[in-house]
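Summary of structural features
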Amino acid sequence: MNNEFRIAAMEGGPYDVNYCVRRKDGRRMWVRAAAKFRRDERGIARSCMGVFVDIDDAVKNQARQQQALEQALERADRANKVKTDFLH
């Protein structure tokens, strides 16, 4: 995260990253950090404004959906194998 922020500040690229943090209570949560830099006439970053957004629910929902899709694919593959075996 720090390296990407430094690169965005020095090279002028965007800073928009998702990462996992550990809360004080020990739980982990996903956040999105984004920043926009204000630059002087030479292009040097002089200040920035940024936001942190809690995306934990969205990341967990996406993981659940991915797992459900993988399970559905496994079931479909098994059903297809049973059908193929039956037809042979």
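Now for a look at the structure at hand. Sequence order as written defines residue numbering, which begins from 1 separately in each chain. pLDDT decides what is reported in this predicted model: residues at 70 or higher carry local features, side-chain atom pairs at 80 or more are listed and counted, and totals for whole chains, interfaces and linings draw on all residues regardless. Side-chain figures throughout are based on the complete set of non-hydrogen atoms in the structure, without hydrogens or water.

**Focus: the overall build of the protein chain**
Each helix is a run of H or I in the DSSP string that is no shorter than four residues. Each strand is a run of E no shorter than two, and both are numbered from the N terminus. Across its full length, the protein chain carries two helices and three strands. Traced from its N-terminal end to its C-terminal end, the protein chain shows the element sequence α-β-β-β-α. For 88 residues, the compact-globule formula gives about 12 Å, and the C-alpha radius of gyration of the protein chain, at 22 Å, lies well above that figure. By its C-alpha atoms, the protein chain is 75 × 35 × 15 Å across when sized along the principal axes. Each residue gets one of three labels from its accessible area relative to the maximum for its type: buried under 20%, exposed over 50%, partly exposed in between, using a 1.4 Å probe on protein chains only. The buried share of the protein chain, taken over its 88 residues, is 15%. At a minimum sequence separation of 6, the contacts of the protein chain that also span at least 24 residues come to 25%. Each accessible area is a Shrake-Rupley estimate made with a 1.4 Å probe; only the visible protein chains count as cover when residues are assessed. Total accessible area computed for the protein chain in this model is approximately 7600 Å², and 54% of it derives from carbon and sulfur atoms. For the protein chain, the centre of its 18 positive side-chain charges and the centre of its 13 negative side-chain charges are spaced 4 Å apart. Our radius of gyration is a C-alpha quantity, and the globule rule it is checked against amounts to 2.2 Å times the number of residues to the power 0.38. In this analysis, two residues are considered to be in contact whenever any of their non-hydrogen atoms come within 4.5 Å of each other. Here Asp and Glu are counted as negative and Lys and Arg as positive; His is not counted, and neither are the chain ends. Lysine's charge is taken at NZ, arginine's at CZ, aspartate's at CG and glutamate's at CD.

**Digging into the packing of aromatic side chains**
Here is the rule: rings of Phe, Tyr and Trp (six-membered ring for Trp) pair when centre to centre is within 6.5 Å. Planes less than 30 degrees apart are stacked, more than 60 are edge-to-face, and the remainder are tilted. For the structure shown, the criterion picks out two aromatic pairs. Note on phenylalanine 5 and tyrosine 15: the rings are 5.1 Å apart at their centroids and 85 degrees apart in plane angle, and the pair reads as edge-to-face. Taken together, the residues span a long stretch of sequence, with phenylalanine 5 in helix H1 (residues 2-11) and tyrosine 15 in strand S1 (residues 15-22) at a distance of ten residues. For phenylalanine 5, a relative accessible area of 31% puts it in the partly exposed group. Exposure remark for tyrosine 15: the relative accessible area of 7% places this residue in the buried category. Ring geometry for phenylalanine 5 and phenylalanine 37: centres 5.3 Å apart, planes at 55 degrees, overall tilted. Taken as a pair, phenylalanine 5 in helix H1 and phenylalanine 37 in strand S2 (residues 28-39) lie far apart in primary sequence, 32 residues in all. On the accessibility criterion, phenylalanine 37 (13% relative accessible area) is buried. Connected via pairs of aromatic rings, a cluster forms that spans Phe5, Tyr15 and Phe37.

**Some details on the nonpolar core**
Definition used in this section: a nonpolar core is a set of buried Ala, Val, Leu, Ile, Met, Phe, Trp, Tyr and Cys residues joined via side-chain atoms within 4.5 Å. Of all hydrophobic cores here, the largest spans ten residues; its members are Ala8, Ala9, Tyr15, Val17, Tyr19, Met29, Val31, Ala33, Ala35 and Phe37. Among the elements of the structure, H1, S1 and S2 are those that each provide at least two residues to this core. With five residues, S2 is the largest single contributor of residues to this core. With near-sequence residues (within four places) excluded, alanine 35 lies in contact with Phe5, Tyr15, Met49 and Gly50.

**What about the sheet that holds strand S3 (residues 45-54)?**
At least two bridges found by DSSP between two strands are what make those strands a pair. Across the sheet, three strands lie side by side as S1-S2-S3; this open sheet has antiparallel pairing. Taken across any chain shown, the strands that pair with only one partner, and hence form the sheet edges, are S1 and S3. Adjacent strand axes in the sheet meet at a mean angle of 30 degrees, parallel and antiparallel pairs treated alike. Direction of pairing for S2 relative to S3: antiparallel, over a ladder of nine bridges. Only the stretch in contact is used when a helix axis is fitted, and all axes are lines through C-alpha atoms; the angle between N-to-C directions ranges over 0 to 180 degrees.

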